[in-house]
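# Structure assessment
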Amino acid sequence: AESLTQQISAQHRLAVARLAMLGIDATDPAQWPEVERRLGPAIASGLAHDERPTARTLQLWLDAIDRLSDAMTHDTLTVAEVARLGDAILAEVGTAVVGMDDPLRIALATVLAGGHVLFEDVPGTGKTLAARSLATTLGLDFARLQCTPDLLPSDVTGSSVWDPERRDFVFRPGPVFTGLFLADEINRTAPKTQSALLEAMAERQVTVDNARHALSPEFFVIATQNPIEHHGTYPLPEAQLDRFALT
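In what follows, the accompanying structure is described. Every value quoted in this text rests on a predicted model; they were computed, and no experiment measured them.

Analysis parameters
- Residues numbered from 1 in each chain as written.
- Predicted model: local features only at pLDDT ≥ 70, side-chain atom pairs only at ≥ 80, totals over all residues.
- Heavy atoms only, no water.
- Helix = DSSP H or I, 4+ residues; strand = E, 2+ residues; numbered from the N terminus.
- Buried < 20%, exposed > 50% of the residue type's maximum accessible area, 1.4 Å probe, protein only.
- Contact = heavy atoms within 4.5 Å.
- Pairing = 2+ DSSP bridges.
- Axes fitted to C-alpha atoms, helices over the stretch in contact; angles between N-to-C directions.
- Phe/Tyr/Trp six-rings, centres within 6.5 Å; stacked < 30°, edge-to-face > 60°.
- Polar contact = N/O pair within 3.5 Å; in protein donor to acceptor, adjacent residues only side chain to side chain.

## Digging into the overall build of the protein chain
Helix and strand counts for the protein chain stand at eleven helices and eight strands. Going through the 247 residues of the protein chain one by one, you find that 41% of them count as buried. Look at the contacts in the protein chain between residues 6 or more apart in sequence, and 70% of them connect residues 24 or more apart.

Here is the structure:
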């Protein structure tokens, strides 16, 4: 029940955020006709009166959000419209994250360019909250991995495990199977584990037991490393630094 409540609340926020990215304010009565045109009268009424979807209407909301995603994907945007949407995204993230305007702008620009970004910053500055808020605003799934020296490549990509019922090995996806992936303190994990990200970042796929598994087309990596502590760290190789659009 709690999981369903969280999902319902998340879909309500996501619908409002997607509309904002299309330049539509769901709280503005003057724009309700446009909201109704895109989402249908039932959902438009729910947004207008700040009503959360019920379990019975949740699928209607999911379908409506998919239509918004299609509109965002296929609509041709001018540079000015992209800039306006970018500002709207940053303003939405700014309601949860304070004092990170420049890093967030860099991260958003990198995501829009289809790249990955590496930040060097001290712990405890809100990087996880910023990444999660950015993913939520963009409608992406989010996963975080705290990198440690004993981390294995399979902890990143996933692995094949024995299924007694099927009497066969079944692939269990790792945290890299998401939309926005945060690799926290990436330089604390061993090079062989760091290299597990190479294929994923370059080709948006992973290979496990000679089988290829595609990642989401909207797969992006935000990695961090601690600049003040070097004991027990492993500097990133040039091959991996090259996978980041910005460092």
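## Section: the sheet that holds strand β8 (residues 220–225)
An order of β1-β8-β5-β2 is seen for the four strands of this open sheet, with the pairing classed as parallel. In the strand order of this sheet, the two ends are held by β1 (117–120) and β2 (142–146), each with one partner. Along the sheet, successive strands turn relative to each other by an average axial angle of 15 degrees, direction set aside. Relative to strand β5 (residues 180–184), β2 runs parallel, the two sharing five bridges. Along β5, the bridge assignment pairs Arg 144 with Leu 182. Strands in contact with helix α7 (residues 127–138) are β2, β5 and β8; relative to β5, the strand with the most contacts, it is inclined by about 170 degrees.

## Remarks on the packing of aromatic side chains
Applying the stated rule across the entire model yields two aromatic pairs. Their ring planes at 75 degrees and their centres at 5.2 Å tell us that Trp 162 and Phe 169 sit as a pair that is edge-to-face. The partly exposed category is assigned to Trp 162, whose relative accessible area is 47%. Seen from their ring centres, Phe 171 and Phe 177 are 5.7 Å apart, and the 65 degrees between their planes marks the pair as edge-to-face. Residue Phe 171 is classed as buried on the basis of its relative accessible area of 18%.

## Side note on the side chain of Thr 178
Examined against the element boundaries, Thr 178 turns out to sit in the loop between β4 (168–173) and β5. A polar side-chain atom of Thr 178 sits 3.3 Å from the main-chain amide nitrogen of Phe 142. Ignoring any residue separated from it by four or fewer positions in sequence, one finds Thr 178 in contact with Asp 141, Phe 142, Ala 143, Ser 216, Glu 218 and Phe 219.

## Here's the deal with helix α10 (residues 196–203)
For α10, the complete set of buried residues consists of Ala 196, Leu 197, Leu 198, Ala 200 and Met 201. Arg 204 occupies a position one or two residues after α10 and carries a positive phi of about 55 degrees.

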